[in-house]
Amino acid sequence: MNGLRALLVDDEEEFVSTLVEWLDYRGVTAGYAIDGEKALEMLQKASYDVVVVDLKLPGMSGVELVHIVRKAYPKLPIIMITGRGSGRDQEYEKPEGVYDFLPKPIDISELVTKMKEAIEANEHRQP
Amino acid sequence: MSTKPGELQTDAFIVNDCGILQTVSTFYGTVLDSIDLTIPPHIRNREIISEQDQLNGGTMTTGFTYVEGSPFILVAVSRHQAAFKHWFYQRADVIWFLVASIAGILLVGSMRSRHIVNRLRESDIRRARIHHNLEYTNKMVTLGRLAAGVAHEINNALAIINEKAGLVRDIATHTEDFPRRDKILGIVDSITTSVDRCSRVTRRLLGFGRRMDAQKERVDLASLVNDVLEFQKTEAIYRRIQIDIDVAPDTQSIESDRGQLQQVFLNLISNAYAAVEDGGRIDITISQPNSNEVAVTISDDGAGIPENDLKSIFEPFFSTKGEAGTGLGLSITRDLVEKLGGLIEVTSEVGKGTRFTVNLPVDKVG
């Protein structure tokens, strides 16, 4: 599944730009946006295989962005990331349509694996 | 004969031994009258003086002497009228009434005031307890939020460090003839290990802070107690305190308030730390005595609590730590446990140690 294209949405530019560069070494071509509005613009301009959204975003929140993306691009798999402790905690309810929650700091191998799983799960769900 | 009160009246006469007057008597009549005085028997050769109280309150002294060689007895009587007896009686009655009334008023007054003071004291203690409880909870919530805020900021910075290090590792790995690759990879590993260590701490802090607000959820007591212990791990290591935690297999998770349970066990475990000497021992067991409740015991091998203190240990403002304690820790702990539908008990033996047992319902009450 090489040549994967991902859109990362996170307001911490230093974090997200490094992640883009790092993903490149793992065979994932990624672009990034630092807020929800920019992310929606980028989704209009180019096609992506997966979107990675931070829970906490300035302006439009991560959850709001997820809702819009779900409606506009129902086939696009979504993964959420969060800096607020363990993302797998039940206290944070996973919004509908989000494949998984990953905690920061990100384990790159896990992220790539989750991206691939999310795409695969989506293909099975919508043949 | 008229007499004035307080006046002395006297009379002397002769009677025969049958009590018949032989001479005229002022008190008892004329010759041959019978007198109503009891003639004491066997008075021959003796003088007898008798004194008796009269009905009117005075005293009457009577002397009898036998006239030798005859059946006659010389009787002398003196009567002393009680002058102010009547007034004395009345005054005594008034004084008695006054004393009784004052005593009554004092008794009722003191009982009443003691009752009021007790009520006031109780309400003061209750108010202070609620106030402290509230303050304590607020403090914990504030502390939790503060910790969560700090942890979140640190976490974001850690994420960047982690990525930069990861990127360096990938660059070093994938670039051909990368100079001193092994050295660089070693350094990167060391950085990511430290990042992992930091992020474990921040996650724990975040979890702690966030859970202060939570109300009702399924709680695994073993992992909750372990979380609390993690926070005090350093003290245990420095003081060489041995902590053993024994969880009975198949212990259910309970439906409860995580934040409040954390406070309960933080208090009890902190107390156990304070009780044990360096190199001491704390044993924690978690078990399920029946299908409805889970029991947690925290035992220390500290100095123990004397029986007298043990009764007051859950009372507000009772402290054995002197200035160091507010005396509210265990009172708040008991309040919290009871609020969660549980029960807390303590047993202790001086010189051997103390054991707290907390029983909590599997399903939250209320």
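Everything below is about the structure shown above.
Residues numbered from 1 in each chain as written. Chains lettered and ligands numbered in written order. Predicted model: local features only at pLDDT ≥ 70, side-chain atom pairs only at ≥ 80, totals over all residues. Heavy atoms only, no water.

### A short note on the overall build of chain B
Right, so step 1: Along the backbone of chain B there are seven helices and 11 strands.
Right, so step 2: Expressed as a percentage of its 366 residues, the buried residues of chain B come to 36%.
Right, so step 3: When the accessible surface of chain B is split by element, carbon and sulfur atoms take 56% of a total near 22000 Å². (Helix = DSSP H or I, 4+ residues; strand = E, 2+ residues; numbered from the N terminus. Buried < 20%, exposed > 50% of the residue type's maximum accessible area, 1.4 Å probe, protein only. Areas by Shrake-Rupley, 256 points an atom, 1.4 Å probe, with all protein chains shown as cover.)

### A closer look at the packing of aromatic side chains
Right, so step 1: Enumeration according to the criterion identifies three aromatic pairs over all chains in this entry.
Right, so step 2: Between the aromatic rings of B:Phe27 and B:Tyr28, the centroid separation amounts to 6.3 Å while the plane-to-plane angle is 75 degrees, which identifies the pairing as edge-to-face. The two residues B:Phe27 and B:Tyr28 agree in class, both being buried.
Right, so step 3: Taken together, the aromatic side chains of B:Phe13, B:Phe27 and B:Tyr28 make up a single cluster linked through ring pairs.
Right, so step 4: The ring centre of A:Tyr48 lies 5.2 Å from the NZ or CZ of A:Arg5, which sits over that ring. (Phe/Tyr/Trp six-rings, centres within 6.5 Å; stacked < 30°, edge-to-face > 60°. Lys NZ or Arg CZ within 6 Å of the ring centre and 35° of its normal.)

### Thoughts on helix 1 (residues 13-25) of chain A
Right, so step 1: In this model, helix 1 of chain A (13 residues) spans 19 Å end to end at C-alpha, consistent with the 18 Å of a helix rising 1.5 Å per residue.
Right, so step 2: In the stretch just after helix 1 of chain A, A:Gly27 is the one whose phi turns positive, near 80 degrees. (Expected span 1.5 Å × (residues − 1).)

### Some details on the interface of chain A and chain B
Right, so step 1: With 21 residues of chain A at the interface, the matching set in chain B holds 21 residues.
Right, so step 2: Linking chain A with chain B are two salt bridges, by the criterion used here.
Right, so step 3: In this structure, the salt-bridge partner of A:Glu14 is B:Lys164, at a minimum N-O distance of 3.0 Å.
Right, so step 4: One can count eight residue pairs in polar contact (both at pLDDT 80 or more) joining chain A with chain B.
Right, so step 5: For the side of chain A that touches chain B, the element with the most residues is helix 1 of chain A, which contributes seven residues.
Right, so step 6: Its residues placed into classes, the side of chain A that touches chain B shows eight nonpolar, four polar and nine charged. (Contact = heavy atoms within 4.5 Å. Salt bridge = Lys/Arg side-chain N within 4 Å of Asp/Glu carboxyl O. Polar contact = N/O pair within 3.5 Å; in protein donor to acceptor, adjacent residues only side chain to side chain. Nonpolar A, V, L, I, M, F, W, Y, C, P; charged D, E, K, R; others polar.)

### Describing the packing of helix 3 (residues 221-231) of chain B against helix 5 (residues 258-275) of chain B
Residues and elements named next belong to chain B.
Right, so step 1: Put simply, helix 3 and helix 5 touch, their axes get as near as 10 Å, and they point 55 degrees apart. By the angle class used here, helix 3 and helix 5 are oblique. Crossing hand, helix 3 versus helix 5: right-handed. Counting all contacts with helix 3, which are made through Leu221, Leu224, Val225, Val228 and Leu229, the residues of helix 5 involved are Arg258, Leu261, Gln262, Phe265, Leu266 and Ile269.
Right, so step 2: Looking at side-chain class alone, the contact of helix 3 with helix 5 contains nine nonpolar, one polar and one charged residues. (Axes fitted to C-alpha atoms, helices over the stretch in contact; angles between N-to-C directions. Parallel < 35°, antiparallel > 145°, perpendicular 65-115°, else oblique. Left-handed = near helix turned anticlockwise from the far one by under 90°.)

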